[in-house]
Amino acid sequence: MANAFGLVASPVQTLRGSNYACSSVYRYRSRVCFSEVISTRVHCSSNIEGAEKVGDGVASSESRVPRLVSKGCKLVGCGSAVPALQVSNDDLAKLVDTNDEWISVRTGIRNRRVLSGTDSLTALAAQAAKKALEMAKVDPDDVDLVLMCTSTPEDLFGSAPQIPRALGCTKNPLAFDITAACSGFILGLVTGSCYIRAAGFKNVLVIGADSLSRYVDWTDRGTCILFGDAAGAVLLQACDSEDDGLFGFDVHSDGDGQRHLNAAMKQKDMEHVVGSNGSALGFPPNRSAYSCIQMSGNEVFRFAVRAVPQSIEYALQNAGLSASSIDWLLLHQANKRILDAVATRLEVPSERVISNLANYGNTSAASIPLALDEAVRSGKVQPGDTIATAGFGAGLTWGSAIVRWG
């Protein structure tokens, strides 16, 4: 049985029925670990010690994920969609003081896709989801949950409920957004696995979709060269614990790093001054909008090359696997230098690193499922392959998961 784990409810809620017994509870710092559970389908592993600094102002503590699981989940379908408009480095050179060599050497990016005209991110997400369902041979009405991992919804209140509608679902499955920038897809996988393992859901669509081009300052060559738009999706499906395909994960956040990467809210100036009509000072409030993306590239790079390998190592420990067990390394597609640095630390050869960064740039939450979909459909990734994947970005948030395809 794979060393998988998921959400833990209380002992009464989780260990219901005559086939389960729990003899003791041990507390390790903030974790509760239920041990000596009598079942071939439920087990617990020990705490991981050893907090250390992973970057200035970013500290990584031991993983705090509970270790109790009675059901598995696996990745059975994937899909992706990108806008039609392609913007090359040469195109950007017409807008800002840059050139193809300057961009490609520093980032590895040569092209990106950008939403334009009447294009819709929600429509891209629905296309990706439809392809994932078709690959998995699952009917839309059999979907129990849709997780839309995005930081750029087309509605303030979230875009997720529009996906089941676009897919033609008639049973009104639960759908909601997850906002965690470039880490969103990893958090979506973890969240989806919890719904399957603890709530009995069978089919969960996890979609990563972002249109960061809408929040880019196209006169800032430090950021405008990086980002593109896309959507990617996977279908996470319940299975017996023996077939579990999510072996281990590790997730973190640190708000101290928000200053290094953000698109903060700003208030527009009032169009008129409120007269002396008895209104409270500052009311009505100014209308709000979000600023363009602000990033300290060097700080984000330092954070990523320290935090990401450590997170993957924690996830491997949770899974009971070594780095040599990895068939593929699939990281958030942010910068080639980051991909190379992480692969070097983990001793993963370059031919085992999945990357489509050159063609799409940084597509935020979409980057991992987009690259996975291309690797699967090209035959590079085969059923049974073990993939170490990690997301990292604004928040700051970061996390990793060790998964098996198929």
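Residues numbered from 1 in each chain as written. Predicted model: local features only at pLDDT ≥ 70, side-chain atom pairs only at ≥ 80, totals over all residues. Heavy atoms only, no water.

**Structural notes on the overall build of the chain**
Tallying secondary structure elements over the chain gives ten helices and 20 strands in all. A total of 406 residues make up the chain; the buried ones form 51% of that total. Contacts in the chain between residues at least 24 apart in sequence constitute 76% of all its contacts with a sequence separation of at least 6. (Helix = DSSP H or I, 4+ residues; strand = E, 2+ residues; numbered from the N terminus. Buried < 20%, exposed > 50% of the residue type's maximum accessible area, 1.4 Å probe, protein only. Contact = heavy atoms within 4.5 Å.)

**Here we look at unusual backbone geometry**
Here Gly395 and Leu396 are connected by a cis peptide whose omega angle stands at -10 degrees. Here Leu396 shows up in the loop between β19 (386-393) and β20 (397-404). The phi angle at Asn172 is positive, at roughly 50 degrees, despite the residue not being glycine. Mapped onto the elements of the fold, Asn172 is located in the loop between α5 (162-167) and β9 (174-178). The exposed category is assigned to Asn172, whose relative accessible area is 69%.

**Digging into the environment of Ala180**
Mapped onto the elements of the fold, Ala180 is located in the loop between β9 and α6 (184-199). In sequence terms Ala180 and Thr397 are 217 residues apart; their C-alpha atoms lie 6.9 Å from each other. Aside from chain neighbours lying at most four places away, what touches Ala180 is Ser151, Leu187, Ala394 and Thr397.

**Remarks on the sheet that holds strand β8 (residues 145-149)**
Adjacent strands of a sheet pair through backbone hydrogen bonds, lying either parallel or antiparallel. Spatially, the five strands line up as an open sheet ordered β5-β11-β10-β8-β9, and their pairing is mixed. The outermost strands of the open sheet, each flanked by one partner alone, are β5 (72-81) and β9. Sheet twist, expressed as the mean angle between neighbouring strand axes with direction ignored, is 20 degrees. Bridge count for β5 against strand β11 (residues 229-239) is nine bridges, and the pairing is antiparallel. By the bridge assignment, Cys73 is partnered in β11 with Ala238. The strands touched by α6 are β5, β8, β9, β10 (203-211) and β11; relative to β11, the strand with the most contacts, the crossing angle is about 20 degrees. (Pairing = 2+ DSSP bridges. Axes fitted to C-alpha atoms, helices over the stretch in contact; angles between N-to-C directions.)

**Concerning the state of the cysteines**
Tallied over the full model, the rule gives zero disulfides. Looking at Cys194, it has no disulfide partner, and the nearest cysteine sulfur is the one in Cys73, 8.8 Å off. What makes Cys194 buried here is its relative accessible area of 15%. (Disulfide = S-S within 2.5 Å.)

**Some points on the confidence of the model for the chain**
Interpreting fine coordinate detail is not advised for predicted regions of low pLDDT. Chain-level statistics for the chain give a pLDDT mean of 83 and a share of 79% at 70 or above. Segment residues 1-57 is flagged for pLDDT under 50; beyond a separation of four residues in sequence, or across chains, it makes 135 contacts in the model. Counting interchain partners and residues more than four positions distant, the pLDDT-below-50 stretch residues 64-69 has 36 contacts. (pLDDT = per-residue confidence, 0-100.)

**Digging into the side chain of His252**
For His252, the position within the fold is in strand β12 (residues 246-253). For His252, a relative accessible area of 11% puts it in the buried group. At 2.9 Å, the side chain of His252 forms a polar contact with the side chain of Asp250. (Polar contact = N/O pair within 3.5 Å; in protein donor to acceptor, adjacent residues only side chain to side chain.)

**Structural notes on the pairing of β9**
The pairing of β8 with β9 spans five bridges and is classified as parallel. Across the sheet, Leu147 pairs through a bridge with Phe176, a residue of β9. For the crossover from β8 across α5 to β9, the handedness is right-handed. (Right-handed = clockwise from strand over helix to strand, strands pointing away.)

**Regarding the packing of aromatic side chains**
Within the structure shown, the criterion is met by three aromatic pairs. For the ring pair Tyr195 and Phe201, a centre distance of 5.2 Å and an interplane angle of 50 degrees mean the geometry is tilted. Ring centres 5.4 Å apart and planes at 75 degrees place the aromatic pair Phe303 and Trp398 in the edge-to-face group. Highlighted residues: Phe303 in helix α7 (residues 297-319) and Trp398 in strand β20, separated in sequence by 95 residues. Here Phe303 matches Trp398 in class, with each residue buried. An aromatic cluster of three or more residues is present, and its members are Phe176, Tyr195 and Phe201. Above the face of the Trp102 ring, Arg221 is positioned so that its terminal group lies 4.2 Å from the ring centre. (Phe/Tyr/Trp six-rings, centres within 6.5 Å; stacked < 30°, edge-to-face > 60°. Lys NZ or Arg CZ within 6 Å of the ring centre and 35° of its normal.)

**Some thoughts on the side chain of Arg112**
With respect to the secondary-structure elements, Arg112 resides in strand β7 (residues 111-113). Buried within the structure, Arg112 lacks any salt-bridge partner; its nearest side chain of opposite charge belongs to Asp91, at an N-O separation of 7.0 Å. A polar contact of 3.0 Å, which involves the side chain of Arg112, links it to the side chain of Asn89. One polar contact links the side chain of Arg112 to the main-chain carbonyl oxygen of Ile225, over a distance of 2.7 Å. Every residue in contact with Arg112, bar those within four places of it in the chain, is listed here: Leu85, Gln86, Val87, Ser88, Asn89, Leu92, Ile103, Ile225, Phe227, Gly228, Asn359 and Tyr360. (Lys, Arg positive; Asp, Glu negative; His and termini not counted. Salt bridge = Lys/Arg side-chain N within 4 Å of Asp/Glu carboxyl O.)

**Brief notes about α6**
The terminal C-alpha atoms of α6 lie 21 Å apart, and with 16 residues this matches the ideal 22 Å at 1.5 Å per residue to within 8%. Residues Gly184, Phe185, Ile186, Gly188, Leu189, Val190, Gly192, Ser193, Cys194, Ile196 and Arg197 constitute the buried set of α6. (Expected span 1.5 Å × (residues − 1).)

**A short note on a nonpolar patch on the surface**
A contiguous nonpolar patch, built from Leu156, Phe157, Met265 and Tyr290 and spanning about 560 Å² of accessible area, is present on the exposed surface. Note on Phe157: relative accessible area 76%, which makes it exposed. (Patch = residues over 30% accessible without salt bridge, like charges linked within 9 Å, V, L, I, M, F, W, Y side chains within 5 Å. Areas by Shrake-Rupley, 256 points an atom, 1.4 Å probe, with all protein chains shown as cover.)

**Structural notes on the pattern of salt bridges**
Inspection of every chain in the model, using the stated rule, returns seven salt bridges. Of the charged contacts in the structure, one is a salt bridge between Asp244 and Arg197, with a shortest N-O distance of 2.5 Å. Taken together, the residues span a long stretch of sequence, with Asp244 in the loop between β11 and β12 and Arg197 in helix α6 at a distance of 47 residues. Judged on exposure class, the residue Asp244 and its partner Arg197 are both buried. Note that Asp340 is salt-bridged to Lys336, the shortest N-O span being 2.9 Å. Pair noted here: Asp340 and Lys336 are both in helix α8 (residues 336-346), with a separation of four residues, about one helical turn. What makes Asp340 partly exposed here is its relative accessible area of 39%.

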